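Listed below are the residues making up each chain.
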Amino acid sequence: MAKVRLALAQINPTVGAIEANCNQIYDACVAAAKAGANVVLLGEMSVTGYPIEDLATRESFVTAAENAVGLLADRLVQGGLSDLVVVVGHPALVAPEHRNGWAIAQNCATVVTGGHAVGRYAKHHLPNYSVFDEYRNFIPGNDLLCFEHEATSHESLQ
């Protein structure tokens, strides 16, 4: 059985700077793969920065963040990292029938590998105290997410 090497990638995203944040995410993935990681976990809302506050209510912004996840998946394949599993945080639109008036999105983590998003988890417990206002800006999730991954090595990048 192959060993799974997990990298926790801490970047410094800027709120609203989706392209620049995705560049940081890609660079962190390259560095993690060179260090031998099979799975890379990034922070909450790493694509958009956090907290996005009322940007979560702009459909165009949330759609841009979702599209950026797909572009990141493509870029990872082009960079020779198609076997790497990346878990990346971003907002995602919910279907109109599940929207809550003001809130139109969920605070999500998407699993990307092989050029595709293979699963998505929406945050269940939304804080609504102190500096947090997530319950106003997001719809809570209800489902769990589990995935399997057969570890491979990235020796060609070393």
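Along each chain, numbering runs from 1 in the same order as the chain's sequence is written. Since the coordinates come from a predicted model, pLDDT governs what is reported: local features require at least 70, and pairs of side-chain atoms require 80 or more to be given and counted, while whole-chain, interface and lining totals use all residues. Only hydrogens and water are removed before side-chain values are computed, so all heavy atoms of the structure are retained for them.

Asks: Even after reading the chapter, I still don't get helix α2 (residues 59–78), so can you show me in this structure?
Replies: Note on helix geometry: an α-helix contains 3.6 residues per turn, so any two residues three or four positions apart are oriented the same way. To qualify as a helix, a DSSP run of H or I must reach at least 4 residues; to qualify as a strand, a run of E must reach at least 2; elements of each kind are numbered from the N terminus. Helix span, expected: 1.5 Å multiplied by one less than the number of residues in the helix. Helix length check: α2, at 20 residues, gives a terminal C-alpha distance of 29 Å against a target of 28 Å (1.5 Å per residue), a fit within 8%. Every buried residue belonging to α2 is among Phe61, Val62, Ala65, Ala68, Val69, Leu72, Ala73 and Leu76, and all of these are buried. When α2 is viewed along its axis, its buried side chains cluster within an angular range of 140° and face the same direction. Opposite the buried face of α2, at more than 90 degrees from it, the exposed residues are Ser60, Leu71 and Gln78. In this structure, the buried side of α2 is in contact with α1 (18–34), β3 (85–93), β4 (105–113) and β5 (116–122). Two residues or fewer after α2 comes Gly80, characterised by a positive phi angle close to 80°. Partly exposed residues are those whose accessible area sits between 20% and 50% of the maximum for their type, while under 20% is buried and over 50% is exposed, using a 1.4 Å probe and protein chains only. In this description, the arc belongs to the directions extending from the helix axis to the C-beta atoms. Throughout, a contact is declared for two residues whenever any of their heavy atoms are within 4.5 Å.

Asks: Explain the packing of aromatic side chains here, please?
Replies: When the centres of two rings from Phe, Tyr and Trp lie within 6.5 Å, Trp using its six-membered ring, the rings pair. Their planes under 30 degrees apart give stacked, over 60 give edge-to-face, and anything left gives tilted. Summed over the entire model, instances satisfying the criterion amount to 0 aromatic pairs. Either the NZ atom of lysine or the CZ atom of arginine qualifies as a charge over a ring when it sits within 6 Å of the ring centre and within 35 degrees of the ring normal. The aromatic ring of Tyr26 is capped on one face by Arg75, whose charged end is 4.0 Å from the ring centroid.

Asks: So what exactly am I meant to see when it comes to the side chain of Thr110 here?
Replies: Locating Thr110 in the fold gives a position in strand β4. A relative accessible area of 1% means that Thr110 is categorised as buried. In protein, a polar contact means a hydrogen-donor-capable atom and an acceptor-capable atom, both N or O and within 3.5 Å, with residues adjacent in sequence counting only if both atoms are side-chain atoms; elsewhere, any N or O pair within 3.5 Å suffices. A polar atom in the side chain of Thr110 sits 2.6 Å from the side chain of His90. Reaching out from Thr110, the side chain makes a polar contact with the side chain of Arg120 at a distance of 3.4 Å.

Asks: Where do I start with the nonpolar core in this structure?
Replies: Side chains of nonpolar character tend, in soluble globular proteins, to be buried together. By nonpolar core we mean a set of buried residues, namely Ala, Val, Leu, Ile, Met, Phe, Trp, Tyr and Cys, connected to one another through side-chain atoms within 4.5 Å. In this structure, Ile25, Val40, Leu42, Val47, Leu76, Val86 and Val88 are the most contacted members of the largest nonpolar core, which totals 35 residues. Of all the elements in the fold, those that place two or more residues in this core are β1 (6–9), α1, β2 (39–42), α2, β3 and β4.

Asks: Explain the sheet that holds β5 to me, please; I cannot follow it from the model alone.
Replies: Each strand in a sheet pairs with its neighbour through backbone hydrogen bonds, running either in the same direction (parallel) or in the opposite one (antiparallel). When DSSP finds at least two bridges between two strands, those strands are taken to pair. Strand order in this open sheet of 5 strands is β1-β2-β3-β4-β5, and the pairing throughout is mixed. At either margin of the open sheet sits one strand with a lone partner, and together these are β1 and β5. The average angle at which neighbouring strand axes cross in this sheet is 30°, direction not considered. In this structure, β4 lies alongside β5, joined through 6 bridges in antiparallel fashion. Its bridge partner lying in β5, Thr110 is registered against Arg120. Geometry is summarised by axes, namely lines fitted to C-alpha atoms with helices restricted to the contacting stretch, and by angles between N-to-C directions that run from 0 to 180 degrees. Across the sheet, α1 touches β1, β2 and β3, and the angle it forms with β2 is around 145°. In this fold α2 packs onto β3, β4 and β5, with an angle of close to 160° to the strand it touches most, β3.

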